[in-house]
Structures are given as C-alpha cells and as structure tokens.
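For reference, the chains in residue letters:
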Amino acid sequence: MARPAVSYRALALGADARAVGVIAGVYALLPLFAAVPLGRRTDHGRCAPLLPVGVVLIAAGCGLSGTADSLTAMAAWSGVMGLGHLSFVIGAQSLVARQSAPADQDRNFGHFTVGASLGQLIGPIAAGQLVSGHDGALARTSAAALFVAAVVAACSFSSLWRIEHHRLDRAAGWAKEPAEASPARRVPVFRILRTRGVASGIFISLAVLSATDVLTAYLPVVGEQRAIPPAVVGLLLSLRAAATVACRLVMTPMIRVLGRTVLMTVSCLGAGLLCAAVALPVPAWALGVLLAALGFCLGVGQPLSMTTVVQAAPDQARSTALALRLTGNRLGQVAAPASAGLLAGLAGTAAPFVMLGVLLLASAAIAVRPLRRAPGAATLPAARGPGCGPGARRSAVSGRGGPGQETPARTDPEEPTP
C-alpha cells in the first residue's frame, strides 16, 4: 500500500517524475549500508528481534510520510520505510532458513513468498481505492492511504510472539536454535560471494526482481501507447501477480518432478522469452496470456534463490548471505529502472522488455551451469535426507557442488548442522 501512496503524496507536494524517482531510490539505496551488519548480527544471535524492529520502522515511516510537508522529509521517511523492510525481511528469511529442515526449505520459502505476493497483489489495489486526485484531494487521500498502511503494518504485531523455537532436533540432524550455540566466526564477505552457488543465486534473484519492477513501471506506458485503458492495465498487472502466487503454491511438486536446477533454468529461460514477447504489438487479450505465463515463470526465482543461497553459504554466514542477496535485489531495483528509462528514451518503450529478456536469459545460462559442469552427476529434485555435520558436504543445493547438484553426504545425528 505504501509504495504507490508515497508516489502520490510526493506528486501532491509538487514533485516531478525525477523527484519521485529519487524518493523511490532512497527507499532502495539507504538500507544497502545496513544489510551486511544486520546479516552478521543475525548469524550470531536470534532472528526474531529484527521482526518487531522492522515493523516499527515501516509503520513509523508510513505514518510520518503522511504528515510530511516537503519532498526532503518524504525522501527521509521513505528511507526509514526501506530500512524497516530490510530489517524485517532479513529476520524473517533467516528464521525460515534456520527453523526448516533441509528437505523443507524449498516449500517453506515458497510459502513465505506467497505471503509477499499476496501483499503485492492486494496492497496497490487497496491504495488505489483510497487515493483520489479529484477536486484537489490528492494530498488528503494519499496521506490517508499512508496512515492506513501504518495501521496495517502494526497489525502484524499480533503474530510476532514466540515464533523462534530454541531447541535442537538431533534425530533429524538439523538445528532449530540460534547460532550463538556455535563459535562466532566472521566469514569475510568476499569468501561468501566466492562460495559456489551464492553469486549465481544472487544474480538470479536480481534478474527476476528487476523484471517484476520494470514490468510494473512500464506496462502503463505500453498501455497508453496501445490505447489500453488504465483499468485493464491494472487488471493485467494483477493477473501477473496472481499467476506468481499460483506458481509458488505448486512449486514443491514441480521440484519433485523436474529438480531444482532444471526448474530454475526452464523458468528463467521462459521468463526471458516472454519478457521479450511483451514488446510485440499484440492485442490486450494476448498480452494478458503472455503476462500470466510470465508471472508463473517469475514465481520460481525468488524462493529457489533463497534456498540456493542459504544452502550454498558457509554455515556461520547464512544470514549474511541472505543479506547480500537482498543487497543485490536493491541494487537491481535501482539500476534496472534507470537503465530501462535510458533505453526507452533512446529506442522506445519496447527496449526495456528486450533488456529484461536478455538479463533473464543470462540468468538461465547461470542456473544451468551445474548441469554442464557435472553432466554425470545426479540432480535430485530436492534434499531428501537430513543435514550433515559441519565437516561434511551438503546435498541437493551444496555450497561446493552448485545449486541443484547432488554431492556425497555423511549423516551423523550427533553432529547437527547449525
């Protein structure tokens, strides 16, 4: 709800398109400096405290944006919102990773991202119903939308109690306790990025999120050029989001049939081709079919890249690796729209979609590398067994064998994975 409401509030204060872009950029840029420190703190402590901190910052940013009377204040509170979102997501993703058995991480991350997709589906519609620009009411209605967004964010406090379990399941061979039980060794960021599977997972996540953001920003422009009414454009964007939710609900059986590596490769390849096809001058109904298929393909990248990064990263740096993944996402949210705007100005509105197609095809080439590297290795659909000890290799999405590549594993119930 807050993201479009912030833009409308800025417009009511006299912002032009450039100022709106700067305010949106502060949301993405400011938290970059806090991502790695927050990840390191979570690696050697509890995850749960970051969640209420994030909610407080999000709610405060929304409420204070509704009272802001200058663009400078709007940019500052947008940055507060972005920092709150980063804190919440690092804590929540780390919680899912830490409290999920290896075989359940794909499913649990999929369910986690279903919640995010539902918010992205419902929130903009709710904001659109609240915001009205008729009779000079934009300033008042956009502020009301931001106040409601603050209240909605605060409602999440009802589900933030006792969500982190402090126990160890030795029989299954995986940990359900905070990382302070293990030695607090700081793993250098460069070593995390060099671990096989981490950088590729970050790039795939960046490509998928960039495609989603640019598609949302530029589809109204395409609709204007093709005489598609704004209401139909909004319906098309909702159709894309609904297809993403549907994909994540059936992702576990797809992994079971295809395997993680093949699924990531096929989804990125399909998304790249479909993104390029959006640039074609097709009627609205055909555009709807393309966007539904594109939304389904884009639903795979985010949850599976989380699993790839978590299981590939060193044991003592999983939250830091997730923070680096979010840093890559934020960089993509800044760089992709800027590049798309430059290309659109030089070559027309079709150019950004071709750019996204190329980016997604590159991510497909990266996703398939484990299969090319070890053609004789078996690629399992998902991790079927328990986690292995700190000194053993991990299976299914191994940090040494690449995402989706099976490696030998040693099972020792007395040495659970942290």
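Just so you know, these numbers come straight off a predicted model, no measurement behind them.

Would you mind showing me how to read the overall build of the protein chain here?
What the protein chain contains, in helices and strands, is 16 helices and four strands. Going through the 418 residues of the protein chain one by one, you find that 53% of them count as buried. Relative to all contacts within the protein chain whose residues are 6 or more apart in sequence, the contacts with residues 24 or more apart total 80%. When the accessible surface of the protein chain is summed, it comes to about 17800 Å², and 67% of that surface belongs to carbon and sulfur atoms.

Quick question: what am I supposed to make of the environment of Ala 336 here?
Structurally, Ala 336 is set in helix H14 (residues 318-347). Take Ala 336: its relative accessible area is 10%, and that puts it in the buried class. In the structure, Ala 336 is positioned 122 residues away from Val 214 in sequence and 7.0 Å away in space, judged by C-alpha atoms.

Looking at this model, I keep getting lost on the side chain of Arg 9. Mind explaining?
As for its placement among the helices and strands, Arg 9 is situated in helix H1 (residues 2-12). This buried residue, Arg 9, is left without a salt bridge; Asp 69 holds the nearest opposite charge, at 7.3 Å. Leave out the neighbours within four places in its chain, and Arg 9 touches Ser 65, Gly 66, Thr 67, Ala 68, Met 74, Ala 139, Ser 142, Ala 143 and Leu 146.

Explanation requested: a nonpolar patch on the surface in the structure shown.
A grouping of Leu 130, Val 148 and Val 152 is seen on the molecular surface, where their side chains present a nonpolar patch of about 210 Å² in accessible area. Tracing the backbone shows Leu 130 in helix H6 (residues 105-130). Its relative accessible area of 36% is what places Leu 130 among the partly exposed residues.

Would you mind showing me how to read the environment of Gly 79 here?
In this structure, Gly 79 sits in helix H5 (residues 71-98). Spatially, the C-alpha atoms of Gly 79 and Ile 58 are 9.7 Å apart, while their sequence positions differ by 21 residues. The contacts of Gly 79, once residues within four sequence positions are left out, are Val 26, Tyr 27 and Leu 30.

Any chance you could explain helix H13 (residues 284-312) here in plain terms?
Think of an α-helix as 3.6 residues a turn; residues three or four steps apart then line up on the same face. Along its 29 residues, H13 runs 42 Å from first to last C-alpha, staying within 8% of the 42 Å computed at 1.5 Å per residue. Remark: the principal bend of H13, roughly 25°, maps to Leu 304. The element H13 is largely enclosed, with a buried count of 23 among its 29 residues.

For this particular structure, what's the right way to read the nonpolar core?
Judged by nonpolar contacts, the single largest core of 42 residues is most densely connected at Leu 291, Leu 294 and Leu 360. Contributing elements (two or more residues each) for this core: helix H9 (198-225), helix H10 (230-249), helix H11 (251-258), helix H12 (260-278), H13, H14 and helix H15 (350-367). Of all the elements, H9 adds the most residues to this core, at nine residues. Not counting the four nearest positions on each side in its chain, Leu 291 is found in contact with Leu 215, Leu 219, Leu 236, Arg 240 and Val 278. Among the nonpolar cores identified, the runner-up in size contains 23 residues, and Ala 10, Tyr 27, Ala 145 and Ala 150 belong to it.

Please clarify how the confidence of the model for the protein chain should be interpreted in this entry.
As a general rule, the predicted coordinates of low-pLDDT regions are not to be interpreted in detail. With 78% of its residues at a pLDDT of at least 70, the protein chain reaches an overall mean of 75. Below a pLDDT of 50 lies the segment residues 167-184, which in the model reaches 49 contacts outside its immediate sequence neighbourhood of four places, other chains included.

What is the right way to read the packing of H1 against H5 from this model?
Between H1 and H5, the shortest axis-to-axis distance is 11 Å and the interhelical angle comes to 170°. Taken together, the axes of H1 and H5 are roughly antiparallel relative to one another. Across the interface between the two elements, Ala 2, Val 6, Arg 9 and Ala 10 from H1 touch Leu 71, Met 74 and Met 81 from H5. A class-by-class count of the residues in the contact of H1 with H5 yields six nonpolar, no polar and one charged.

Whenever I open this one, the side chain of Ser 78 confuses me. Can you help?
Looking at the secondary structure, you find Ser 78 in helix H5. Residues within four places of Ser 78 in sequence aside, it is in contact with Ile 23, Tyr 27 and Ser 65.

Explain the packing of aromatic side chains here, please?
Here a ring pair, both rings aromatic, is described through the centre-centre distance and the interplanar angle of the planes. With the rule as written, the count across this model stands at zero aromatic pairs. Sitting above the plane of the Tyr 27 ring, Arg 3 keeps its charged end 3.9 Å from the centroid.

Help me understand helix H7 (residues 138-155) in this model?
With 18 residues, H7 extends 26 Å between its outermost C-alpha atoms, agreeing within 8% with the 26 Å of an ideal straight helix rising 1.5 Å per residue. By the burial criterion, the buried members of H7 are Leu 138, Thr 141, Ser 142, Ala 143, Ala 145, Leu 146, Ala 149, Ala 150 and Ala 153. Those residues of H7 hidden inside the fold are in contact with H1, helix H4 (50-67) and H6.

Would you mind going over the environment of Thr 327 with me for this structure?
Note on placement: Thr 327 falls in helix H14. Among all residues touching Thr 327, those that are not within four sequence positions of it are Leu 32 and Ala 35.

Sorry if this is basic, but what is going on with the packing of H5 against H6 here?
When two helices pack together, their arrangement is given by the angle between the helix axes and the distance between those axes. As a packed pair, H5 and H6 sit with axes 9 Å apart at the nearest point and diverge in direction by 155°. Comparing their axes, H6 and H5 come out roughly antiparallel. Both H5 and H6 take part in a crossing whose hand is right-handed. On the side of H5, the interface is formed by Ala 92, Gln 93, Val 96 and Ala 97, while H6 contributes Gln 105, Asn 108, Phe 109 and Phe 112.

Thresholds, definitions, all that
Per chain, residue numbering runs from 1 following the sequence as it is written. Local features are withheld for residues below a pLDDT of 70 in this predicted model, meaning they are given only at 70 or higher, and side-chain atom pairs are given and counted only at 80 or more; totals for whole chains, interfaces and linings count all residues. Calculated side-chain values reflect all of the structure's heavy atoms, with hydrogen atoms and water omitted. Labels follow the DSSP assignment, with helices taken as runs of H or I lasting at least four residues and strands as runs of E lasting at least two, numbered in each case from the N terminus. The classification of residues rests on relative accessible area computed with a 1.4 Å probe and restricted to protein chains. Under 20% of the type maximum is buried, over 50% is exposed, and intermediate values are partly exposed. The contact criterion used is simple: two residues touch if any of their non-hydrogen atoms lie within 4.5 Å. The Shrake-Rupley method, run with a 1.4 Å probe sphere, supplies the accessible areas, and residue values consider only the shown protein chains as cover. Think of it this way: Lys and Arg go in the positive column, Asp and Glu in the negative one, and His and the chain ends go nowhere. We define a salt bridge as a side-chain nitrogen of Lys or Arg found within 4 Å of a carboxyl oxygen belonging to Asp or Glu. Without a salt bridge and with relative accessible area above 30%, a residue can belong to a patch; like charges are then joined within 9 Å and nonpolar side chains (Val, Leu, Ile, Met, Phe, Trp, Tyr) within 5 Å. To estimate the expected span of a helix, subtract one from its residue number and multiply by 1.5 Å. Bend, in this description, refers to the angle at a residue between axes fitted to the seven residues ending there and the seven starting there. Throughout, nonpolar core names a set of buried Ala, Val, Leu, Ile, Met, Phe, Trp, Tyr and Cys residues whose side chains join them through atoms within 4.5 Å. A residue's pLDDT is the predictor's confidence in that residue, given on a scale from 0 to 100. Lines fitted to the C-alpha atoms define the axes, with helices restricted to the stretch that makes contact. Angles between their N-to-C directions range from 0 to 180 degrees. For classification purposes, an angle smaller than 35 degrees is called roughly parallel, one larger than 145 roughly antiparallel, one from 65 to 115 roughly perpendicular, and anything else oblique. Three categories are distinguished: nonpolar for Ala, Val, Leu, Ile, Met, Phe, Trp, Tyr, Cys and Pro, charged for Asp, Glu, Lys and Arg, and polar for the others, with Gly belonging to the last. Pairs were defined over the aromatic rings of Phe, Tyr and Trp, the Trp ring being its six-membered one, requiring ring centres within 6.5 Å. Orientation was assigned from the angle between planes: stacked under 30 degrees, edge-to-face over 60, tilted for the rest. Think of it as a cone above the ring: NZ of Lys or CZ of Arg counts as a charge over the ring if it is within 6 Å of the ring centre and within 35 degrees of the ring normal. Crossing chirality is assigned from the near helix's rotation relative to the far helix, an anticlockwise turn below a right angle marking it left-handed and a clockwise turn marking it right-handed.

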